[in-house]
Amino acid sequence: MFQYSKFVKVFFSCSTVYLLSVFALNFVVDPYGIRKGGGRVANARLVKAYKVLDAQPKTILLGASGVARGLDPSYVSLLSEAPVYNLAILGANAYELDSFFHYANRQVEDIEQSVTELNFFAFSQNNLVQADFSSARLNLPHPILNDFFGLYLSLDSLKLTLNPDERGGYFAGDGTYVHKIRQTRIRQFETQLQTDFSEPAQMYWNYELSEEAIGSLRTKVETSRTDRIDVKFFLSPIHVTQFYPSRIANYWSTYEQWFREIVDIHPVWDFSGCNSITTESIKEAMEYYDDPSHYTHTTGNLVLNRMFNYQIDTVPEDFGVYVTPENLDEHLQRVRVQCQQWAAESPEVIAWLDSLDLRTVHSQAE
């Protein structure tokens, strides 16, 4: 009995020392960037739930990676209520983004405005919530027990602490993300397009509009009106090489339906289509785009200028249309005509897109 008791004491003593050592090491190193940084990009749904509480913003920016990389909170603060936090979640669907909006609205003391990018792909029925998304986390005011163990006592955290090269990138303190391009520009575009149109990505593969996502947007707008939060929606200014095959060539009727349903809920600023910004030629030194899905801060600033009616003389006339139910039909017709005209004038680009088999991918899904 004595030996058994001694063994138990030694076991628990060693275990306690081990756990305390792991906790201390992980706490000091902070591999997830919860305490000392803007949060690890690979764990966006975890870290941003806590970083937005630290920021206590009056204005939040919502969207997927386009917003994380393209909208600058420091620029927004010139135009709107500060502080501003970029709450964009990489690869998020509409449900995830609306969940983060409601979470921030409940937990942040005084949110006055949200600027939200609406992405066609985010409303796809095939675009499911990601594995690291937790509705439980967003319904509690403080870190849940699983997060505490995962952040400071798990083997995964210890591995990240001991192997800095495996941590990947981090968000800046304001929630933005700087992505380094390691390929030639044309190769970057090819890789991104082929990835986005692939079956695993579920962005444009067998696209089916989610009415649940539409309903989620409607609830968000109703909550905003009740809580007197100024909401601004805009359609992402994706490059024409992504817009044309995903909308015009493959899903125009579905895109029209989606556009009608969201405008019926709330007016939107449309920066997509085939305009003087989105049709920028693909070259090594590009001013407006990093790749087909991601625009630069230069483009993001033009978006914000238009939406906030600031330095309007810097914004091209054809970039940014405020769409309401009254002008929707005319706008959709104009977009289609502009894109057909662009295609007719850009046979080399169309041939290049065809060579990537993006439409073939779609026809296989059919």
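Below, the structure is looked at part by part. All values reported here derive from a predicted model rather than from experimental measurement.

**Let's talk about the overall build of the protein chain**
Next, step 1: When its secondary structure is counted, the protein chain shows 16 helices and 6 strands.
Next, step 2: Burial analysis of the protein chain (366 residues in total) assigns 54% to the buried set.
Next, step 3: In the protein chain, of all internal contacts separated by at least 6 residues, the share reaching a separation of at least 24 is 80%.
Next, step 4: Total accessible area on the protein chain is roughly 17000 Å²; 53% of this is exposed by carbon and sulfur atoms.

**Points about the sheet that holds strand S2 (residues 84–86)**
Next, step 1: Read from one edge to the other, the open sheet built from 6 strands follows the order S2-S1-S3-S4-S5-S6, with strand pairing classed as mixed. Of all strands in the sheet, those bounded by a partner on one side alone are S2 and strand S6 (321–323). Across the sheet, the mean angle from the axis of one strand to that of its neighbour is 20°, orientation sign disregarded.
Next, step 2: Of the strand pairs in this sheet, strand S1 (residues 59–62) and strand S3 (residues 113–118) are connected by 4 bridges, and their pairing is parallel. Across the sheet, the residue bridging to Leu 62 is Thr 116, located in S3.
Next, step 3: Against the sheet, helix H5 (residues 94–107) touches S1 and S3, its axis set at about 170° to S1.

**Re helix H11 (residues 240–248)**
Next, step 1: Of all the 9 residues making up H11, 9 are buried; the element is thus mostly covered by neighbouring parts of the structure.
Next, step 2: Of all the residues in H11, the buried ones are Val 240, Thr 241, Gln 242, Phe 243, Tyr 244, Pro 245, Ser 246, Arg 247 and Ile 248.

**Comments concerning the packing of aromatic side chains**
Next, step 1: Scanning all chains against the criterion turns up 21 aromatic pairs.
Next, step 2: When the centroid spacing of 4.1 Å and the interplanar angle of 20° are considered together, the rings of Phe 120 and Tyr 207 count as stacked. With Phe 120 in the loop between S3 and helix H6 (135–138) and Tyr 207 in the loop between helix H9 (185–196) and helix H10 (211–226), this residue pair connects regions lying 87 residues apart in the sequence. Here Phe 120 matches Tyr 207 in class, with each residue buried.
Next, step 3: On the numbers, 5.5 Å between centres and 90° between planes, the contact of Phe 120 with Tyr 255 is edge-to-face. Taken together, the residues span a long stretch of sequence, with Phe 120 in the loop between S3 and H6 and Tyr 255 in helix H12 (residues 252–265) at a distance of 135 residues. For the pair shown, Phe 120 and Tyr 255 are each scored as buried.
Next, step 4: A cation over an aromatic ring shows up here: Lys 220 above the ring of Phe 101, its NZ or CZ 4.9 Å from the ring centre.
Next, step 5: Lying over the aromatic face of Phe 308, Lys 232 brings its terminal NZ or CZ to 5.2 Å of the ring centre.

**Concerning the pairing of S3**
Next, step 1: With 6 of 6 residues buried, S3 is to be regarded as a mostly interior element.
Next, step 2: Side chains Gln 113, Val 115 and Glu 117 project from S3 onto one buried face, and the interleaved Ser 114, Thr 116 and Leu 118 project onto a second face that is buried too.

**Looking at the nonpolar core**
Next, step 1: Counting 103 residues, the largest nonpolar core has Leu 118, Phe 123, Phe 234, Trp 258, Phe 259, Ile 262 and Val 268 as its most contacted members.
Next, step 2: At 7 residues, the largest contribution of residues to this core is made by H12.
Next, step 3: In this structure, Val 268 is in contact with Leu 118, Phe 233, Leu 235, Phe 259, Ile 262, Val 263, Val 321, Tyr 322 and Val 323, ignoring residues within four places of it in sequence.

**Here we look at the environment of Val 231**
Next, step 1: Mapping Val 231 onto the fold places it in strand S4 (residues 230–235).
Next, step 2: With 37 residues separating them in the primary sequence, Val 231 and Val 268 have C-alpha atoms 9.9 Å apart.
Next, step 3: Leave out the neighbours within four places in its chain, and Val 231 touches Ser 114, Ser 224 and His 266.

**Considerations on the pattern of salt bridges**
Next, step 1: Within the structure shown, the criterion is met by 13 salt bridges.
Next, step 2: Between Arg 69 and Asp 290 there is a salt bridge, and its shortest N-O distance comes to 3.5 Å. Residue Arg 69 is found in helix H3 (residues 65–70), and its partner Asp 290 is found in the loop between strand S5 (268–270) and helix H13 (297–308); the two are separated by 221 residues along the sequence. When sorted by exposure, Arg 69 lands in the same class as Asp 290, which is buried.
Next, step 3: Put simply, Lys 232 and Asp 230 hold a salt bridge, and the shortest N to O gap is 3.6 Å.
Next, step 4: Because the salt bridges share partners, they merge into one network encompassing Arg 45, Glu 96 and Asp 132.

**Structural notes on H10**
Next, step 1: The end-to-end C-alpha distance of H10, which contains 16 residues, comes to 23 Å, matching closely the 22 Å that a straight helix rising 1.5 Å per residue would cover.
Next, step 2: Within H10 the residues assigned to the buried category are Ala 213, Ile 214, Ser 216, Leu 217, Lys 220, Val 221, Thr 223 and Ser 224.
Next, step 3: On its buried face, H10 is in contact with S1, H5, S3, S4 and H12.
Next, step 4: Arg 228 sits one or two positions beyond H10 and adopts a positive phi of about 55°.

**Side note on the side chain of Glu 280**
Next, step 1: If you trace the backbone, Glu 280 turns up in the loop between S5 and H13.
Next, step 2: A polar contact of 2.7 Å, which involves the side chain of Glu 280, links it to the backbone nitrogen of Glu 287.
Next, step 3: From its side chain, Glu 280 meets the backbone nitrogen of Tyr 288 in a polar contact 3.0 Å long.
Next, step 4: Not counting residues within four places of it along the chain, the set of residues in contact with Glu 280 comprises His 239, Met 286, Glu 287, Tyr 288 and Tyr 289.

Conventions adopted
- Residues numbered from 1 in each chain as written.
- Predicted model: local features only at pLDDT ≥ 70, side-chain atom pairs only at ≥ 80, totals over all residues.
- Heavy atoms only, no water.
- Helix = DSSP H or I, 4+ residues; strand = E, 2+ residues; numbered from the N terminus.
- Buried < 20%, exposed > 50% of the residue type's maximum accessible area, 1.4 Å probe, protein only.
- Contact = heavy atoms within 4.5 Å.
- Areas by Shrake-Rupley, 256 points an atom, 1.4 Å probe, with all protein chains shown as cover.
- Pairing = 2+ DSSP bridges.
- Axes fitted to C-alpha atoms, helices over the stretch in contact; angles between N-to-C directions.
- Phe/Tyr/Trp six-rings, centres within 6.5 Å; stacked < 30°, edge-to-face > 60°.
- Lys NZ or Arg CZ within 6 Å of the ring centre and 35° of its normal.
- Core = buried A, V, L, I, M, F, W, Y, C linked by side-chain atoms within 4.5 Å.
- Salt bridge = Lys/Arg side-chain N within 4 Å of Asp/Glu carboxyl O.
- Expected span 1.5 Å × (residues − 1).
- Polar contact = N/O pair within 3.5 Å; in protein donor to acceptor, adjacent residues only side chain to side chain.

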